[in-house]
Amino acid sequence: MQTVLLTGFEPFDQDPVNPSWEAVRQLDGVLLEGDVQIVARRLPCAFATAGECLTQLIDELHPVMVIATGLAPGRSTISMERVAININDARIPDNLGEQPIDTAVVAGGPAAYFTTLPIKAMVKAVGKAGIAASVSQTAGTFVCNQVFYRLQHQLAGSGVRSGFIHVPDVYGACQPPMVLSTLVEGLRIAVSAAWQTPMDIVEVGGQVS
């Protein structure tokens, strides 16, 4: 059986829970078309360890697709990220107390990487289910962007589809907050759409021809 790796983050910034992990863990073991299973794993919210943890998971699981997720406080839609940039610029300390400012994610790496997920198809599929979804042009400069960039850097040229989804809060940061069950269903639909969209019709930056 093939594996789709889906990750969420541990809580950060003194919050007791992180909606990305609370939603993702409910999809662990879900089967997709073609004998493919979602495997959910939690990443630390720390610059020094998140990327390495993801690398180890990819080496261990050999997934056919990887989608990382994280919380975007204040957003009201499930946001399919288009681009990761080669910069760490933290507005707050991470869970290890580190706060890098204007440092590279990968020294000497490209300025940016586009997602290799069919983000327009994913947004369309989620929207058809009546769940708010959108394309985002910025993944920020905190640990979410770092993980997104590291993911694309590691899998560049491999043929393994990968990218990042930001999720809204389900505990009141956006008004009204998205219900957790709705978020779970939205992610399930997004992952399924990403898997089912043929690779050969996806253009640069996740657009579908």
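Since we're looking at a predicted model, the values are computed, not measured. (Residues numbered from 1 in each chain as written. Predicted model: local features only at pLDDT ≥ 70, side-chain atom pairs only at ≥ 80, totals over all residues. Heavy atoms only, no water.)

Let's shift gears to the overall build of the protein. Along the backbone of the protein there are 5 helices and 9 strands. Beginning at the N terminus, the succession of helices and strands in the protein can be written as β-α-β-β-α-β-β-β-β-α-β-α-β-α. For the protein, the C-alpha radius of gyration of 16 Å lies close to 17 Å, the compact-globule estimate for 209 residues. Considered along the principal axes of its C-alpha atoms, the protein spans approximately 40 × 40 × 30 Å. Expressed as a percentage of the 209 residues in the protein, the buried residues total 52%. The long-range fraction of contacts in the protein, counting pairs at least 24 apart against all pairs at least 6 apart in sequence, stands at 78%. One finds the centroid of the 12 positive side-chain charges in the protein at a distance of 8 Å from the centroid of its 19 negative side-chain charges. (Helix = DSSP H or I, 4+ residues; strand = E, 2+ residues; numbered from the N terminus. Rg over C-alpha atoms; globule rule 2.2 N^0.38 Å. Buried < 20%, exposed > 50% of the residue type's maximum accessible area, 1.4 Å probe, protein only. Contact = heavy atoms within 4.5 Å. Lys, Arg positive; Asp, Glu negative; His and termini not counted. Charge placed at Lys NZ, Arg CZ, Asp CG, Glu CD.)

Attention shifts here to the UniProt feature "active site" (unreviewed entry) in the protein. Within this structure's numbering, the places UniProt gives as "active site" (unreviewed entry) are Glu81, Cys144 and His166. Despite a sequence span of 86 residues, these residues sit close together in the fold, their greatest C-alpha distance being 10.5 Å. Turning to its location among the elements, Cys144 is positioned in helix 4 (residues 143–155). Among residues more than four places away in sequence, those in contact with Cys144 are Phe9, Gly70, Leu71, Ala139, Phe164 and His166. Inspection of the secondary structure assignment puts His166 in strand 9 (residues 161–167). Setting aside chain neighbours within four positions, we find His166 in contact with Gly70, Leu71, Ala72, Arg75, Thr77, Ile78, Ser79, Glu81, Ala139 and Cys144. (UniProt positions renumbered as here; feature names shortened; annotations may be inferred.)

This part covers the sheet that holds strand 4 (residues 65–71). Strand order in the open sheet formed by 7 strands is 2-3-1-4-9-5-8, with mixed pairing between adjacent strands. Of all strands in the sheet, those bounded by a partner on one side alone are strand 2 (31–32) and strand 8 (133–136). Lying on the sheet, helix 4 is in contact with strand 1 (2–9), strand 3 (36–43), strand 4, strand 5 (78–81) and strand 9; it crosses strand 9 at an angle near 170 degrees. (Pairing = 2+ DSSP bridges. Axes fitted to C-alpha atoms, helices over the stretch in contact; angles between N-to-C directions.)

Where helix 2 (residues 50–61) meets helix 4, the axes come as close as 9 Å, and the angle between the chain directions of the two elements is 40 degrees. Read as a crossing pair, helix 2 and helix 4 show a hand that is right-handed. Taken together, the residues of helix 4 that come into contact with helix 2 (itself represented by Ala50, Gly51, Glu52, Leu54, Thr55, Ile58 and Asp59) are Val143, Gln146, Val147, Arg150, Leu151, Gln154 and Leu155. A per-class count over the contact of helix 2 with helix 4 returns 7 nonpolar, 4 polar and 3 charged. (Left-handed = near helix turned anticlockwise from the far one by under 90°. Nonpolar A, V, L, I, M, F, W, Y, C, P; charged D, E, K, R; others polar.)

Two elements, strand 1 and strand 3, share 8 bridges in a ladder whose sense is parallel. For Thr7, the partnering residue across the bridge sits in strand 3 and is Arg41. Here 2 bridges tie strand 2 to strand 3, and the two strands are oriented antiparallel to one another. The partner of Leu32 across the bridge, within strand 3, is Val36. Counting the residues in the hairpin turn of strand 2 and strand 3 gives 3 residues, including Gly34, whose phi is positive at 90 degrees.

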